[in-house]
Every structure is written in C-alpha cells, then in structure tokens.
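Next come the chains, spelled out residue by residue.
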Protein chains: 2
Amino acid sequence: MTELEAYLPFWGKLIPGQREQLRASAVRRVFEKGDNVRRGPEHCIGLLMVCSGQLRVYITSDSGREVTLYRLFERDICLLSASCMMPNIQFEVSVQAWERTEVVVIPAAVYQELAKTSLPVAAYTSDLMAARLSDVMWLLDQVMNKSFDSRLAAFLLEEAGESMVLQRTHEEIARYLGSAREVVTRMLRYFQDEGAVSLSRGVVHIRDAALLKRYARESLR
Amino acid sequence: MTELEAYLPFWGKLIPGQREQLRASAVRRVFEKGDNVRRGPEHCIGLLMVCSGQLRVYITSDSGREVTLYRLFERDICLLSASCMMPNIQFEVSVQAWERTEVVVIPAAVYQELAKTSLPVAAYTSDLMAARLSDVMWLLDQVMNKSFDSRLAAFLLEEAGESMVLQRTHEEIARYLGSAREVVTRMLRYFQDEGAVSLSRGVVHIRDAALLKRYARESLR
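Conventions used here
Residues numbered from 1 in each chain as written. Chains lettered and ligands numbered in written order. Predicted model: local features only at pLDDT ≥ 70, side-chain atom pairs only at ≥ 80, totals over all residues. Heavy atoms only, no water. Pairing = 2+ DSSP bridges. Helix = DSSP H or I, 4+ residues; strand = E, 2+ residues; numbered from the N terminus. Contact = heavy atoms within 4.5 Å. Axes fitted to C-alpha atoms, helices over the stretch in contact; angles between N-to-C directions. Parallel < 35°, antiparallel > 145°, perpendicular 65-115°, else oblique. Left-handed = near helix turned anticlockwise from the far one by under 90°. Nonpolar A, V, L, I, M, F, W, Y, C, P; charged D, E, K, R; others polar. Domains from an automatic or database assignment. Salt bridge = Lys/Arg side-chain N within 4 Å of Asp/Glu carboxyl O. Phe/Tyr/Trp six-rings, centres within 6.5 Å; stacked < 30°, edge-to-face > 60°. Buried < 20%, exposed > 50% of the residue type's maximum accessible area, 1.4 Å probe, protein only. Lys NZ or Arg CZ within 6 Å of the ring centre and 35° of its normal. Core = buried A, V, L, I, M, F, W, Y, C linked by side-chain atoms within 4.5 Å. Disulfide = S-S within 2.5 Å.

1. Points about the sheet that holds strand β11 (residues 203–206) of chain A
Residues and elements named next belong to chain A.
Inference 1: An order of β9-β11-β10 is seen for the three strands of this open sheet, with the pairing classed as antiparallel. Strands with a single pairing partner mark the edges of an open sheet, and in this sheet they are β9 (165–166) and β10 (197–200).
Inference 2: Here β10 runs beside β11; their pairing, made up of four bridges, is antiparallel. Bridge pairing in β11 links S200 to V203.
Inference 3: Packing against the sheet, helix α7 (residues 181–193) makes contact with β10 and β11, and its axis sits at approximately 125 degrees to β10.

2. Description of the packing of helix α2 (residues 16–25) of chain A against helix α3 (residues 108–117) of chain A
All names here are of chain A.
Inference 1: Two numbers describe how α2 lies on α3: the axes approach to 11 Å, and their chain directions differ by 165 degrees. The angle between α2 and α3 places the two elements in the roughly antiparallel class. In the crossing of α2 with α3, the sense of the turn from one axis to the other is left-handed. Across from Q18, Q21, L22 and S25 in α2, the residues of α3 making contact are V110, L114 and T117.
Inference 2: In terms of residue class, the contact of α2 with α3 is built from three nonpolar, four polar and no charged.

3. So, the environment of R100(B)
Inference 1: Residue position: R100(B) is located in the loop between β7 (94–97) and β8 (101–106).
Inference 2: Residues contacting R100(B), with those up to four places away along its chain left out, are V30(B), F31(B), E32(B), K33(B), S52(B) and G53(B).

4. Overview of the domain arrangement of chain A
Residue and element names in this part refer to chain A.
Inference 1: Taken domain by domain, chain A consists of domain 1 (2–143) and domain 2 (146–216).
Inference 2: Between the C-alpha centres of domain 1 and domain 2 there is a distance of 30 Å.
Inference 3: Opposite the 10 residues of domain 1 that make contact, domain 2 presents eight residues.
Inference 4: Here domain 1 and domain 2 share two salt bridges between them.

5. Observations concerning the packing of aromatic side chains
Inference 1: One pass over the full model with this rule turns up six aromatic pairs over all chains.
Inference 2: Between the aromatic rings of F10(A) and Y124(A), the centroid separation amounts to 5.4 Å while the plane-to-plane angle is 65 degrees, which identifies the pairing as edge-to-face. On the criterion of sequence distance, the pair formed by F10(A) in the loop between α1 (2–7) and α2 and Y124(A) in helix α4 (residues 119–144) is long-range, its members being 114 residues apart. Across the pair, Y124(A) and F10(A) agree in class, each one buried.
Inference 3: Through a chain of ring-to-ring contacts, three or more aromatic side chains come together here, namely F10(A), Y111(A) and Y124(A).
Inference 4: The aromatic ring of W98(A) is capped on one face by R71(A), whose charged end is 4.5 Å from the ring centroid.
Inference 5: Seen from the ring of Y70(B), R132(B) lies directly overhead, with NZ or CZ sitting 4.5 Å from the centre.

6. Details of the nonpolar core
Inference 1: In this structure, L156(A), F191(A), L156(B) and F191(B) are the most contacted members of the largest nonpolar core, which totals 154 residues.
Inference 2: Those residues within four positions of F191(B) in sequence are excluded, and the remaining contacts are D149(B), L152(B), A153(B), L156(B), A196(B), V197(B), L212(B) and Y215(B).

7. Quick word on the state of the cysteines
Inference 1: In this structure the tally under the stated criterion is zero disulfides over all chains.
Inference 2: Not part of a disulfide, C51(A) finds its nearest cysteine sulfur in C78(A), a span of 13 Å.

Okay, here's the thing in structure tokens:
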C-alpha cells in the first residue's frame, strides 16, 4: 500500500517491524458521498488516512444544526475516528464523507501500539492534536464572538450585489471591516469549505447566497 | 526541586542528562490572586506545573465576557503557556491566577527539546493535548446547545428556593431533566468551579444565585 509510505510523515523513521505491522493491518475503504464514517464513540474504526475525496468532521446542535469542526482532504489524517484509543477524549463528533472518499484505515490498536513505541509517531500525534485543538478553539471563538462572520457575510452580499462577484483582496476587506487580513482569510476559507463562496486571486465568487444570508443573519450558531 | 520528580509522570523514564537539564532550567514562580500569567501568544513563559493554588484558562468574547476553558490545580500542567513551541497552536487564551498560585516553570525550549528526544514525554504531551481538546469540545458543545446549562441552573434555583440547598443526587436531577447523570455531574462541576454552587454528597449548595440566574437567563454565552 503505497499511501502508507507517501502519507505518513514518520514512515521513514519506523523500524522494519513497525512498517510490516502497518502494511499487514492497514485496509483500504471507500465511502460514498454522504456516508457516515463514524457515529459516536462506540464506532471506533481506527485512524483514517484520506487518499482522495473529503471527510467532514462536525457536531450537531440540539436544534439539529450541524457545525463543521474541520475538513480532511487528501493526505490528511483523522485521529478522532480512533478516539477509542484515547482515554482523554470524551466527546462525540460525526465524520461524514463529503464526497466519494477513499481512505486507508489503520486499526486503532495498531496505531496505539506504534504511538507507545515510536517517538516520531508520538510526536506526530501530539502535533495533530494541537492542530485540531487550534481548529476547535477558532470555532469556539467564532461562536462566542459571533459578530465577525455575520459582518463579513453581510459585507460580501452587499458588495457583490447582483453580480455575485467581489473583486477585493482580503487585505481590502479587512480594512473595510476593521479587521486583520489573517482573520478575513480564515473566515473566507471557512465560507469556501462550506460552499458559500469560492476564492481566487483577488476575487470572491458567491456560490450560495442563501447560506451566506444565513451566516449574516444568525452567525455560525 | 522535588516537584519535578513528584509531578512529572515521565520523570522516572528520563535519562540522567534530561533530568539534569530540567533541574537546571526549571524555576519557581508565585502569582498573586488575579495576576495575569499569560496574555496572548507573544507571552510564552513556558510549561507551568501547578504546585499550589489554581490557574484559570479562559477566552474573552468581544462583549468582554470571559468564558473559562478549564482550570488547573495542584499537579496539573499548563501546556498552552508554552504554545509558542507548538506551530499548530494558533489561538490566544488568557491564563490567570485564580488564587495565590505557586508554579514551577519549565522553559518552552527545554520542554520542546525533551518532547523531541523522549518518547514518554511526547506521549504524555499528546495525552495532555487530547484532554484539553476534550475540555474545549465539551465547552463548544455547551455553547452550541445552550439549553442544558440554562435548564439545570433554572432547576437548581427553583428547587432550592429560599433554603439555597438542594438535596438531590445527580442521578435524580438527571431524571428530572431527562438527561444523563454524567452530563449533570460535569455541568454541576463547571458551576462549582465558577463559584455558582458547591457540591457534597447528594447535596447542592447554591453559592452565587446571581451567577446561576445569569446562566439560567443567557446560558454560557
């Protein structure tokens, strides 16, 4: 399975026995668009390496509103689908195939054993954790400070008007909204991931005005 | 410094040179009640081991409302105060001494080096990350599903009435609110940490009815 070697940054630092164990236990799986990859903690299929397609990790509010925590694309690795091996993880997220998605599954027990015996794997795992923590913190901040996404969405709708196209750099948009370019860029990317806009150099195309209006109205919540 | 040996679960697995490095670089610091231990990423003082007292890690909303992410007590270790060493951490949290707090500070660079060279340290770091991720996910869930904390707060106020005391097990409260005991327990602990109630076997004492009323009214947000 060439993906193991290509996608696992620590592959080169594993000893032969560890590589053998991975090769022997990893299996390829395909999820069709919309498939639920994981539902709740009881469903612990293992570590997922995305080979093609896209996985969406989200939580669902009581009101049934789904909020995307983050998305995983080719070469990304989904740790939470192996959360059963992490005693400290006590929450439920849903993982859905956003499009037809091919993954390589590494059994949780195998990865757990690796993380216990290989320093590069343990270090990589904590880097992944930190990245996910950062994603979730960002989202929490958005939910707490719900003004900015609404303001940005409203600004995009107003500026684009009928044309549905906005010819502004993130820098300019940030200036208009009294924000920082990084803040604008990250929120625009979130909008793009959700399918509300598409981004190209200096141009924002509005793809789903209704969704954007909802952000403008009720924010990420 | 005896705390290093007593508080660091991986101490026994370090090689002598690593222990020396920790002993040589760790410094004791005391923060007075209310002191800001860390403000933003520019302020990266290193890894904090709480020896006594309590640290509160929180974010501040645009409206100025502070929301506690988690609290660190004796023997707890604050990683985020060393987040400058984690490229994947891109958010700002504030750390405040909730009471007079004595800590041992391990310089970020020293810990980073350790995590790169010691498997037990790397594994411990990812466990800590997972625990914090779990805390933040829980909080995000509360903010998204704002009904439960409000309902619980309202229930406590109503049941306790003038007496400010509620003689119910978490099990019973969960049944009344159509929830699970674990959910009630965790939220009651959050209320307790925030000073709204104090918990003892089968009894909930209301300590800050005004704060509880605010939860009942406007939820965690």
